[in-house]
Amino acid sequence: MLPANDSLSLTLADFYTETRVTFGGAAKDTLRLDDQTLTGPALTKAVKVVDQVRSLAHIQSAALIESYNHVPTAAGLASSASGMAALAGAAAKAAGLTLDHRQLSRLARRGSGSATRSIDGGFVRWFAGHDDDSSFAMPVAAAPELLASIRVVAVVFSDQPKSIGSTDGMARTAATSSYFAAWTERADEDLTLLLPALRQGDFRAVGTIAEGNALAMHAATLAARPPFTYFLPSTLALIQQVGQLRERTGIPVYATVDAGPNVKLLTLAPYVTQLQLWLQTEFPTAQVTITHAGPEMSYHQTRKEEN
Ligand code: ADP
Ligand code: CO
């Protein structure tokens, strides 16, 4: 999973995954997600992470993976980032490996590109690199006031799995969209501008860049052949109305949309209540979750392991 460009994400506190891996816990590799046994592509992706762990630790036994997502799965809220980062950490630990964050981010990348950035907390940059060694993530510096006061308002219109997964959607866009090259060029420029804005705590610059960058990505999917979009009509309606609200009131609020129909509004703590009320009036059926910057991956011992 080697990307075309560097990228940046914000790890979120309230969208996370808990995963336990037990080598020798099943006769063959087994993935249980939210108490359902998954096979097919979901298992294949998880096994890529587990295979790498087995080869690093020189073990052969099958893995039982038990995972719980505190985030809707495959709905554009980055369950793959959360889930595969948790899997990398849990599998390495279960195999007795001691890996640093750089190594864990490379391991998580085997399951999902986005997971590369989700080992660390706060703002995280994925260095695209050119091979397995050089493609990893690291936290980036941000003004402490910005990190403390940034809020993400997740507006969920649909928690159903999207019809085209992120990896397949991006592969089709890269192979066929005439806007893909322009998008990667733009993404490099955006990141160059974003890094100093984060350091200086310039939230308006951060929001403007994030919003423009996300929309440019969605423009590239519309130009793929066959064309596709992750947007629902309500996705576009919210993006437009947020722009109007910002113009009219001066509230610093920006929209960003991952590969899915749901919108994440970026804002600052003092504006959250006002935005919540506005959303209740304008989008009464949407499910709204407010969250903030989250910590790095952590290990929890279960009762069973303590005994
Ligand atoms: P999303 O927008 O949720 O990130 P993706 O298409 O990128 O959607 O990835 C969704 C896929 O990630 C799931 O179909 C599954 O294969 C994988 N996934 C999500 N959560 C977990 C988890 N906790 N453990 C293992 N794999 C997971
Ligand atoms: Co994903």
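Definitions and cut-offs
Residues numbered from 1 in each chain as written. Chains lettered and ligands numbered in written order. Predicted model: local features only at pLDDT ≥ 70, side-chain atom pairs only at ≥ 80, totals over all residues. UniProt positions renumbered as here; feature names shortened; annotations may be inferred. Helix = DSSP H or I, 4+ residues; strand = E, 2+ residues; numbered from the N terminus. Axes fitted to C-alpha atoms, helices over the stretch in contact; angles between N-to-C directions. Parallel < 35°, antiparallel > 145°, perpendicular 65-115°, else oblique. Left-handed = near helix turned anticlockwise from the far one by under 90°. Contact = placed C-beta atoms within 7 Å. Nonpolar A, V, L, I, M, F, W, Y, C, P; charged D, E, K, R; others polar. Near = placed C-beta within 6 Å. Domains from an automatic or database assignment.

With that out of the way, let us pick up the UniProt feature "domain: Mvd1 C-terminal" (unreviewed entry) in the chain. Within this numbering scheme, the UniProt entry marks residues 153–292 as carrying the feature "domain: Mvd1 C-terminal" (unreviewed entry). With 57% helix and 14% strand, residues 153–292 has end C-alpha atoms that lie 9 Å from one another.

For the pair helix H6 (residues 180–200) and helix H7 (residues 203–222), interaxial distance at closest approach is 10 Å and the crossing angle is 165°. In terms of orientation, H6 lies roughly antiparallel with respect to H7. Note on packing geometry: the crossing formed by H6 with H7 is left-handed. Where H6 approaches H7, its residues Phe180, Trp183, Arg186, Ala187, Asp190, Leu193, Leu194, Ala197 and Leu198 are matched on the opposing element by Ala205, Val206, Ile209, Asn213, Ala216, Met217 and Ala220. Class assignment of the residues belonging to the contact of H6 with H7 gives a composition of 13 nonpolar, one polar and two charged.

Attention now moves to the environment of Thr291. Among the secondary structure elements, Thr291 is positioned in strand E11 (residues 287–292). In contact with Thr291, not counting residues within four places along its chain, are Leu12, Ala13, Asp14, Phe15, Val152 and Ala154.

This next bit is on the site of ligand 1. The environment of ligand 1 is formed by 25 residues, the closest being Ala42, Ser79, Ser80, Gly83 and Ser166. Among the elements that line the shell around ligand 1, the one with the most residues is helix H2 (residues 79–94), at six residues. Of the residues contributing to the shell around ligand 1, the split by class is eleven nonpolar, twelve polar and two charged. Of the residues that make up the shell around ligand 1, three or more belong to each of domain 1 (7–140) and domain 2 (144–292).

So, about the domain arrangement of the chain. Per the domain assignment, the segments of the chain are domain 1 (7–140) and domain 2 (144–292). Each of domain 1 and domain 2 has a C-alpha centre, and these two points are 24 Å apart. No other element matches strand E1 (residues 7–10), which puts three residues into the side of domain 1 that touches domain 2.

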